[in-house]
Structure formats: structure tokens, C-alpha cells
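Overview (structure and organization)
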Amino acid sequence: MEARGRIPRDRLPAIAFLVALVVAFAAYEWYARRFWFVGDEWNFLATTRLSTDMSAGEFLRVLMRPHNEHWSVLPRLWYWVADGIWGLRTYTPYVTAVILLHLGVAVLLWRLILRQGVHPWVAAGAGAVMALFGPGAENILWGFQVGFVGSALFGLAALLLADHDGADRRRDIAAAACGLGALLCSGIGIPFVVGLFVAVAFRRGLRPAVAIVVPLAVVFAAWYVAFGRANEANTVPRAGPSQWPPYIFVQATNAIEQITQFPMIGGVIIAIMVVFLGFRIRPDFRAHRNAAVYGLVATALVMSVTTAIGRASLGADQARSSRYVYLLAVMLIPLLALMLDALLRWDRRSAIPVGAFLVIAVVGSAMAIPRYAFAQGAVVSQQRDELLAAVFDPLIAKNAPDYHLPSPTLSPDVTLGELRARLAAGDLPAWTPTPAQIASARASALVSIQPAVATSSLAADRMSGSGVTISDVAGCQMVTSMRGDADADVATSSGAPIAVRPPPAGDVSILVRFDADPRAPIP
């Protein structure tokens, strides 16, 4: 008997995992303060924004249209609802949603590992690695990744529901519903549905696997025929078969090294995993207790192949993307936990090295959270400053057109006109840009570097300089350099452009100063 007031020892692993969840939630929310809307989010918030002003047919077409080949019904609906409630005034609800989905993934993964008969402390350690998985922070601190993380959550739920003996129609219907949810979140749902088929086939045979998965395949095929071929955004060329193997190898080995926190040995661990599976899987193909784990391995294989086909043309380095590391962690951590448990059962003296392995993995993963947050958060914060400074500055408001893209590299889907409409509707946060932010926004909005086709005459208010001559050519004042260190000042309140023609050899340095008051003196 346990002493009164003392926690039973068999509950300690679960409590340790719960502590990891709490720490993870606090850490992610803390570091998420640096993030804001960026990239693909603007497609849902601007380019293909859902609206109650649409007709029913138009609403359905926008809702069902693919985003970069992904069937994104549930993420679109979430952004529509969240946008209607909070607008763009705060990013907290958007990022909190994906954080909570991620923690749900960690919980389901922990439950799945426990159901394999793995030692509770090994399961708790593996679950903690997933909860604090900093190498996959792109999928945790970017609100848009509700798609990928949602597919993982529904996929794991489907595996858990279908992992049973005998006939249980209610659980199988619920598993199919979760499989549909995975498909409605992103294209990552497809590998999870394949993994569901493999898991059910291993556990109960082909007939129940077909009964669960074939309706999902029919629904997805119907969507693809009706809507899925209208892929408006994806411009990445397909990779040739020769590019697939190196991409898959880099993706797999990098993910294993990020999970284990042991560099340069990803290939060795993958080889051990293959040997372990070869001994573990029985040739009768039925009644496998670890069917869910094998289904996740199949999910990883399908995902790696499909991403190689669609993304290998971008280079093998793209395979190291944080989003793919996260997904492969979901799919492979249960197998690694099963291997550690097998080692522990084979030799109890391995408890210390197994424990040390898990501690290193947990601590290393947690330490990656601030590294990602500070590096990527700085980029996103700068983009946020550019967007908000552009819409709050009166000089830009007067002179820049609605079609201007304040952040063409990170967020090409949002125009200045969209931000102006949001400001008028009260959908933007209160913001006071700094002089440096205003200068940067003005340089982007009011200065254009492009080939000059024609120029209109420029009525300069004042022109001066040293080492230059000033002449009038067909009504356009021309400043010509007479020496290497020449400089010129031009002040104008005209809306006409200033064309700068560089010399055949050498560089031109241009210092632009914006003044709302055209009477301001030349510095």
C-alpha cells in the first residue's frame, strides 16, 4: 500500500508527461508573441477570403478550392470564423489554435505508444519529446499550420479508434470520420489514410481495411475531379525520379537526427529501424499488436515519396524544412519508443542509457524552441512592421497605389489596398511606427527600381550639387556627373517619376529622403 498523501508510483510517468505539456504550452505562448500573419495566411485572409456577401455557389467554390494542392476546407473555415471574431487585431487566437492542436497530437501519440505495451516511462519520455519538439516549431508557432497539424491530429485519432479486435462498427465509423477530417485539413491527410489502411489490414485483415478507407478514397476523388485540379497557387515544377532518392534520404536522416538530437547518425538509426521491423513483423500479416506503429511507418513512407515528387526540384536542402521534420517525428517516434522498450525488456541494465537517451532528446528538443522563435520571429516581426507602417503613414496613404505589395517576398498575397480596407473596418491593431519603420516602408512603397521605358518631364522645385551640370533636355531636367565623387540634390513635390540612369561602368548611390512638407529644405 502507498502511504497516505503520497502519489502512487504508477502515476508518476503520466504526471511527468502532464508537466511537459504545461511547460510546452507556456513556452510556445511566450515565444509566439514575436509572430504575426505572414505568407500563406494572407491567401485565406485576402486573396481567397470567405465572406457572407458571397453567393452560396461562390462560397462553396472558394471553400473547396485547393491551396498549393491541399484540400484545406477546415483551415479555411477556421480562418473565416477567427477573422470574423478577432480580425487582424491580435494574432494570439490564431497561434493558440495551432499550439493546442499540437499538444493534442502529443497526447494522442503518448496514448498510442502506451497501447503498444511500451514501458510508461519510455512512453512519457517519447511524448515529452513530441510536446517540446522545437525542431518542428514551424508547425507550432505559425498559425497557418493548423492544416498540417490538424491532419496529424485526425490521423492519429483514426489510428487509435480503428486499433481494436473484432467488429465495432461505431469505432470504425468514427475512425473513418477522423480520416475524412485529416483529408479536409491538408494533403498530409492522404498519407495518414494510407497508414490507416495498412494498420487495419495488419490488425484485422483486408476486408475491414477496405470498408473504412475506400469511402474516403471515393470522397477525395470526387473532390479532386470537381475542384482539386484548379490549383491556382502551386508553381513548383515536378521533380524527376532521379531527384527523389537523395531528397527522401536527406529528409529521413535529418528528421531522425532532430528527434534523437544525435547528429550524423541518422542513416545508422534508419538501418537499425529497418532490421527491427524485419524481425518484428510476422509473415502471417494478421493480428499484430503493433499495427498502429506499422501504419505510421507506412504513412512516413508515403509522405516522403509524395513530397519528393512535389518538392525535390527545389533541392535536397528543402527536405530539411521544419514542417517535414515535425510530421516525420509524429510518424516515427512511436517506432523509436517501441525499439527502446524492446531494448529495455532484453536487458534491464539498459535502463540508464535508455533514460539518458530520452533526457537528451527532450532537453535538446526544448532548447530548439527559442532558437527558432528568435530567428524566425525576427523575420516575421520585421514584415509586420513593414505592413503596418505602410498603412499608417500619411505620405504613403497619399501617394502609393492600392495594388502596391508592402512585403512582396514574404507575403505576396496582401496589397496595400487590402490593408487600407482593414484599417477602415477597425481590423488592424493600434500601431505607432518608428521613424526607421516609416523610412523602410516609404522606400518600398514610393521608390521603384525597374527598366525605364519612358519618363515624363520633372518640374524640380530646387536642384543643386557639386561636380555636376544641370541641363534641360526636352522639358526634363538632366543632372550629369562630371567627376567620380559628384553629388546632387533634387527636391520635388511633383508626382512625376525621377529616372536614374547608371553609367556604363561603376555604381550609383542614391539617398532618398521623404518629407510630407514639400517646402522642407534640401538637407
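Please read all numbers here as calculations on a predicted model, not as lab measurements. (Residues numbered from 1 in each chain as written. Predicted model: local features only at pLDDT ≥ 70, side-chain atom pairs only at ≥ 80, totals over all residues. Heavy atoms only, no water.)

**Let's talk about the nonpolar core**
Which entries qualify depends on this criterion: To qualify as a nonpolar core, a set must consist of buried Ala, Val, Leu, Ile, Met, Phe, Trp, Tyr and Cys residues joined through side-chain atoms within 4.5 Å. Per-residue accessibility, obtained with a 1.4 Å probe over protein chains only, is compared with the maximum for each type, and a residue is labelled buried under 20%, exposed over 50%, and partly exposed between these values. Helix and strand labels come from DSSP, where a helix needs a run of H or I of at least four residues and a strand needs a run of E of at least two; each type is numbered from the N terminus. Only heavy atoms enter the contact rule, under which two residues are in contact if any of them lie within 4.5 Å.
Ranked by internal contacts, the top residues of the largest apolar core, which has 135 residues, are Trp42, Met130, Tyr326, Val330 and Ile333. Top element by residues in this core is helix 15 (residues 322–346). It accounts for 17 residues. The contacts of Met130, once residues within four sequence positions are left out, are His102, Ala106, Leu109, Tyr326, Ala329, Val330 and Ile333. The next biggest cluster of nonpolar side chains, apart from the first, holds seven residues, and it includes Ala389, Ala390, Ala441 and Ala445.

**Topic: the environment of Leu395**
Mapped onto the fold, Leu395 is located in helix 17 (residues 394–399). Taking C-alpha positions, Leu395 is 9.6 Å from Ile438, a pair spaced 43 residues apart along the chain.

**Some thoughts on the packing of aromatic side chains**
Test applied: Whether two aromatic rings pair depends on their centres lying within 6.5 Å, for rings of Phe, Tyr and Trp, where Trp uses its six-membered ring; planes under 30 degrees apart make the pair stacked, over 60 edge-to-face, and the rest tilted. Remark: a charge is flagged as sitting over a ring if the NZ atom of Lys or the CZ atom of Arg is within 6 Å of the ring centre and within 35 degrees of the ring normal.
What the rule picks out here adds up to 22 aromatic pairs. Considering the side-chain rings of Phe37 and Tyr91, the 4.8 Å spacing of their centres and the 80 degrees angle between planes classify their relative orientation as edge-to-face. Here Phe37, found in the loop between helix 1 (12–31) and helix 2 (41–47), pairs with Tyr91, found in the loop between helix 4 (73–86) and helix 5 (92–115); they are 54 residues apart in sequence, far enough to count as distant. Tyr91 carries the same exposure label as Phe37, and that label is buried. Note on Phe262 and Phe357: the rings are 5.7 Å apart at their centroids and 10 degrees apart in plane angle, and the pair reads as stacked. Placement of the pair is Phe262 in the loop between helix 12 (244–260) and helix 13 (266–280) and Phe357 in helix 16 (residues 351–392), with a sequence separation of 95 residues. The exposure class of Phe262 is partly exposed, given its relative accessible area of 29%. Ring pairing ties together the aromatic residues Trp36, Phe37, Trp42, Phe44, Trp78, Tyr79, Trp86, Tyr91, Tyr94, Trp142 and Phe144, which thus form one cluster. Just above the ring of Trp110 sits the side chain of Arg111; from NZ or CZ to the centre is 5.9 Å.

**Comments concerning helix 5**
Each full turn of the α-helix corresponds to 3.6 residues, which orients residues three or four apart in the same direction. Using the following cut-off: Expected span, for any helix, means 1.5 Å times one less than how many residues it has.
Counted at 1.5 Å a residue, the expected span for helix 5 with its 24 residues is 34 Å, and the 35 Å between its end C-alpha atoms agrees. Trailing helix 5 by a residue or two, Gly117 shows a phi angle of about 80 degrees, which is positive.

**Comments concerning the packing of helix 12 against helix 13**
Rules: To get an axis, a line is fitted to the C-alpha atoms, and for a helix only the part in contact is used. The angle between two axes follows their N-to-C directions and goes from 0 to 180 degrees. In these notes the angle categories are as follows: under 35 degrees is roughly parallel, over 145 is roughly antiparallel, 65 to 115 is roughly perpendicular, and the rest is oblique. Three classes are used: nonpolar for Ala, Val, Leu, Ile, Met, Phe, Trp, Tyr, Cys and Pro, charged for Asp, Glu, Lys and Arg, and polar for all others, with Gly counted as polar.
Look at helix 12 against helix 13: their axes get within 8 Å of each other, and the N-to-C directions meet at 95 degrees. Considering their axes alone, helix 12 and helix 13 lie roughly perpendicular with respect to each other. Residues Ala252, Thr253, Ile256, Glu257 and Thr260 of helix 12 form the contact with helix 13, whose own contacting residues are Gly266, Gly267, Ile269, Ile270 and Met273. Tallied by class, the residues present in the contact of helix 12 with helix 13 amount to five nonpolar, four polar and one charged.

**Some points on the confidence of the model for the protein chain**
The test is simple: The quantity known as pLDDT measures the predictor's confidence residue by residue, on a range of 0 to 100.
For the protein chain, the mean per-residue pLDDT works out to 86, and 81% of the residues sit at or above 70. Confidence drops under pLDDT 50 across residues 450–458; counting only partners more than four residues distant or on other chains, this segment forms 15 contacts. Here residues 516–523 scores under 50 on pLDDT; set against residues more than four positions off or in separate chains, the count is 14 contacts.

**Considering a nonpolar patch on the surface**
Stated precisely, the cut-off is as follows: Patch membership needs two things, relative accessible area over 30% and no salt bridge, and members are linked within 9 Å if like-charged or within 5 Å if nonpolar (Val, Leu, Ile, Met, Phe, Trp, Tyr). Reported accessibility uses the Shrake-Rupley method at a 1.4 Å probe radius. Residues are deemed covered only where the shown protein chains occlude them. Every case where a carboxyl oxygen of Asp or Glu lies within 4 Å of a side-chain nitrogen of Lys or Arg is listed as a salt bridge.
A surface patch of nonpolar side chains, amounting to about 410 Å² of accessible area, comprises Leu12, Ile15, Val19, Val23 and Trp121. Of the residues forming the nonpolar patch, the biggest block, four residues, is contributed by helix 1. Within the secondary structure layout, Leu12 lies in helix 1. Residue Leu12 is classed as partly exposed on the basis of its relative accessible area, which comes to 34%.

**Examining the packing of helix 14 (residues 291–311) against helix 15**
Put simply, the rule reads: Each crossing is labelled by how the near helix is turned from the far one, with a counterclockwise turn of less than a right angle marking it left-handed and a clockwise turn marking it right-handed.
The N-to-C vectors of helix 14 and helix 15 enclose an angle of 155 degrees; their axes lie 9 Å apart at closest approach. Judged by the inter-axis angle, helix 14 sits roughly antiparallel to helix 15. Read as a crossing pair, helix 14 and helix 15 show a hand that is left-handed. Facing Val293, Leu296, Val297, Thr299, Ala300, Met303, Ser304, Thr307 and Arg311 of helix 14, the residues of helix 15 in contact are Tyr324, Leu327, Leu328, Val330, Met331, Leu332, Pro334, Leu335 and Leu338. Taken together, the residues of the contact of helix 14 with helix 15 break down into 14 nonpolar, three polar and one charged.

**A look at the pattern of salt bridges**
Across all of its chains, the model carries 16 salt bridges by this definition. Note that Asp402 is salt-bridged to Arg420, the shortest N-O span being 2.5 Å. Placement of the pair is Asp402 in the loop between helix 17 and helix 18 (416–424) and Arg420 in helix 18, with a sequence separation of 18 residues. The residue Arg422 makes a salt bridge to Glu418 at a minimum N-O spacing of 3.0 Å. Here Arg422 and its partner Glu418 are both found in helix 18, four residues apart, which amounts to about one turn of the helix. Glu418 matches Arg422 in its accessibility class, with the two residues each being buried. Connected via shared salt-bridge partners are Arg49, Asp83, Arg89, Glu418, Arg422 and Asp427.

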